[in-house]
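Understanding the architecture of this molecule
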Amino acid sequence: MPLFRIAPVALLSSLAQLTFVCTATSQVAMRNMELKAHVDEYPPAPGSWGYAACWSYVHADGWEYAVLGTRDGTAIYNVTNPASTYRVAFIDGPPSVWREAKSYRDWIYVVTEGNGPGEGLQIIRMTDPEHPVLAATYAVHFITSHTVSVDTSRALLVCNGTRMRGDNGYPYASGIHLLSLADPEAPTELGTWPNVAVPVPDTLYVHDSVLVGDRLYGSSMFAGVLRVLDISNPAAPAQIAAWHYPGAFTHNSWPDASGDWLYVTDEINGQPLKIFDIHDLDAPVLFNGLTSNPAAVVHNAHVKGNELYLSNYTEGIRILDDTDPAHPAEFAWADSWPGPSGGFNGVWEVCPYFPSGTVIASDMTTGLYVYRPIRNYGLLRVQVVDAGTGRALPGVKLFLSTRPESLTTALDGIAAFAPDPGTQTVLAHKFGYDDASVTRVVSAGSSQTVTIEMTAKPSGTFSGTVRNDSSDAPLADAELTLPYTPLECRSDGAGQFGLLDVPADQYWVEVRCPGYIPERFVQRIEAGSNVLDLRLVPAAIYDPLETETGWTLGAPGDQATSGIWTRVEPLGTGSYRATHVPGGEDYLAAGPFRAGSETGARRFHEGEGLPPGDVQPEYDRTPSPGELCYVTGQGTNPHAVGENCVAGGRTSLTTPPFDATGMTTPTVGFWRWFYCNGDRASHWLAVLISSDGETWVPVDTTGGLHNHWEEQEIRVADYVTPTSQVRVRFQAAAFGGHIVEAAIDDLTLYDAELARLGLPPPAGPTRLAFLAPRPNPARGTVQLGLDHPGGRLEVDILDLQGRRTTTLLRGSPAPGTLWLSWNGRVDGGHPAGAGLYWARARSGGEQAVVRFALLP
């Protein structure tokens, strides 16, 4: 095979015509990183992945090589001079979107989920590193392995998530296998775990592991369990600890250099990197959590010395200083994904284990990236305490003046930043406390700890009764929330509600009940008792969906093969959980996956993990005795979350026509439920509206997790002319292998001007907060809604490095919800370019940020 030399970054623009692409530095958003080379020789088909994991190989002569998994095999690149990276070999392998590798001495060990010709553990000989060869394939005790781990000091190889072929020809799960590399090209099996009859159940499946000394840290993904095995005798691995934790979908773990702290990833949107204190393995403590973006997925964690490396899918790679392992501080990152956050695109793996300091990353759609970190930062460790008691305050949100991201304090009230040198101000915000801040000067290489004292607000109770404004009857199951706070409750059968320990302040109050016009008003809550009776106005039209009223199933262009809308009493489904693991042997055996099935457990992995919680609702939203709603398919087994979910495309549900004339502000209300564990680009719930049943106008598109009943409103005149033939259409879609479930209930039509009867007059917002940008991602102009309580206001658009690109507002607008438009151009009028951006608002010591994507 001919050798291809990849040009240094300075020459990339002249090489765009080649079969691979080398991206210029400006096209990858970075902080404290230098892009040396980018290789994209095996681009995938649109909408699919072409690349999997990457790893390092270092030859005895010091030459360094990158190992890159592709859909059809393994590519090996010489990265000794990163700016002159070139390919030395491509080793064919079974086709698979999963391919991982590790190195030992002069060999590279490659595993995949692909079976058939060439199946098994591939052993690549690197004695002549410029001419690698496939020396052997091991398929004695298993034919596939999801991941592979190595202990180079003990010549020990561990294959995780393996399968062997049964008598019927179908593969089945066979646990982890520990192999001796005494003869590197002829491994011999030493032991297995678990020592149970095959097939191994999903609750004992170990997706990934890392070996440190005599310990193996194993991630049992489907059970949500972190395991620690004693492998001092590899022939008889023994579990010495196992634990479950909130939000667990245990995907990967890695201990810090001391072995007293463990970093765990869960591969779920919104779940942060979790940091466990494992000084006492019998009582591990979930001590801290970190995320570069709550909407994104942390994939893998690796430690090198006092640095922690994360592959973060749509957020690229992140590098953290973990000199203080309980509070790692991010000082560098590089993001190769230009699209919106969340889902399973972008970086699969990061590998820092080159003696030269080179760091590589594999992007699932654009290939190999070769970087060098720059360590131009200082450490700013912030401890937050209660001013009255001096106790540490966990859960405090900290904002750094020069960055749009925020951190949250750990159990000891501490969080750590790694900002660029200069003057830095940290703002602390926690519900129930007055905001506080501190300013310090940071220099390169410095480390300092500062303390912020926060003063608690006095608290009171907020209670009352919700009634029908027309009949005076009490309303059960009405929702009362205080937006921007964690406080919410529902009224009981007598219509009574109550919130305890409400910090004295001014709040937005929202009150909602199916069949009624929602209310939103401002209420001052004082210390002591606060009583307010509330009245809701019945909607002009209310359809609780308890009887057939003329809704239409299906629409031209629908492609879904399952998960078609149906009106039923819903059968709740949810991902199973391991609830308690004493000694590691107490599990919930029931689950949604059939062990070892390609369309079962494996189908839903690697970007298709199931977050804990309800998938399809167990109950409709209508207050009792209501039972029915529309759902996307009805299953038969509450554990089978994938049964009859949306698949194969789009399924549509359309309301009957209704008369929206004669109203000042005609508004449609409905309650929705949406669950998706995949990306937003291919899995969504869209809402459209029409005034004639022929022409449809998009209203909203939802992705991600909204697996609880939420009321949404459509102001009809904002989209179409109100007529007597207004209809609303709901379209749920799944164009990939992910779980999608949607539900609709309790449609209303009302005049929004009739609300607020008997309530205090409306007032401005109580907090500075962005609404969801629309559209997001945007092409051209993006609309930014901002709740502003009043006072001097500054709104800027920042790039991913926190640099201001555009000023949207400087002034003192009236309190209220502001709508600001950005046309995608920087100051001076030049296009900003496609990518991810932040909008940042500052007012009166408060800061609000929101992230969005700009398309080409």
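Before reading on, note that the structure itself is shown above.
What comes next concerns the included structure. Computed from a predicted model, the values in this text were never measured in an experiment.

Some remarks on the overall build of the chain
Along the backbone of the chain there are zero helices and 65 strands. Taking 29 Å as the expected radius of gyration for a compact globule of 856 residues, we find that the chain reaches 28 Å, a close match to that expectation. Principal-axis analysis of the C-alpha atoms gives the chain an extent of 85 × 65 × 60 Å. Across the 856 residues that make up the chain, the buried fraction comes to 58%. In the chain, the share of contacts with a sequence separation of at least 24, taken over all contacts with a separation of at least 6, comes to 62%. As displayed, the chain offers around 31400 Å² of accessible surface, 52% of which is attributable to carbon and sulfur atoms. Of the charged side chains in the chain, 56 are positive and 92 negative; the average position of the first set lies 6 Å away from that of the second.

Quick word on the pairing of strand β54 (residues 683–690)
Burial runs high along β54: eight of the eight residues are buried. Alternating positions in β54 separate into two faces, H683, L685, V687 and I689 on one and W684, A686, L688 and S690 on the other, with burial throughout. In this sheet, strand β57 (residues 727–734) lies alongside β54 in antiparallel orientation, the contact comprising eight bridges. The residue of β57 that forms the bridge with H683 is A734. Two successive antiparallel strands, β54 and strand β55 (residues 697–702), enclose a turn made up of six residues, where G693 displays a positive phi of approximately 80°.

A short note on a negative patch on the surface
A surface patch of like charges, here negative, comprises E569, D614, E618 and E627. Position of D614 relative to the elements: it lies in strand β50 (residues 613–616). When its relative accessible area of 41% is taken as the criterion, D614 is described as partly exposed.

Focus on the nonpolar core
Among the nonpolar cores identified, the biggest contains 46 residues, and W243, V382, L398, V426, I452 and M454 are the most heavily contacted of them. In terms of residue count, strand β21 (residues 261–265) provides more of this core than any other element does, four residues in total. With residues up to four places along the chain from it excluded, the contact list for V382 reads L398, G413, I414, A415, F417, V426, V450 and I452.

Quick look at the environment of N823
Mapped onto the elements, N823 comes out in the loop between β63 (816–822) and β64 (835–843). As for N823 and R779, which are separated by 44 residues in sequence, their C-alpha atoms are 9.1 Å apart. Contact partners of N823, with chain neighbours within four places excluded, come to G780 and T781. Here R825 takes part through its backbone nitrogen, which lies 3.1 Å from a polar atom of the side chain of N823.

Criteria and thresholds
Residues numbered from 1 in each chain as written. Predicted model: local features only at pLDDT ≥ 70, side-chain atom pairs only at ≥ 80, totals over all residues. Heavy atoms only, no water. Helix = DSSP H or I, 4+ residues; strand = E, 2+ residues; numbered from the N terminus. Rg over C-alpha atoms; globule rule 2.2 N^0.38 Å. Buried < 20%, exposed > 50% of the residue type's maximum accessible area, 1.4 Å probe, protein only. Contact = heavy atoms within 4.5 Å. Areas by Shrake-Rupley, 256 points an atom, 1.4 Å probe, with all protein chains shown as cover. Lys, Arg positive; Asp, Glu negative; His and termini not counted. Charge placed at Lys NZ, Arg CZ, Asp CG, Glu CD. Pairing = 2+ DSSP bridges. Patch = residues over 30% accessible without salt bridge, like charges linked within 9 Å, V, L, I, M, F, W, Y side chains within 5 Å. Salt bridge = Lys/Arg side-chain N within 4 Å of Asp/Glu carboxyl O. Core = buried A, V, L, I, M, F, W, Y, C linked by side-chain atoms within 4.5 Å. Polar contact = N/O pair within 3.5 Å; in protein donor to acceptor, adjacent residues only side chain to side chain.

Function-wise, these values are silent; they only describe arrangement.
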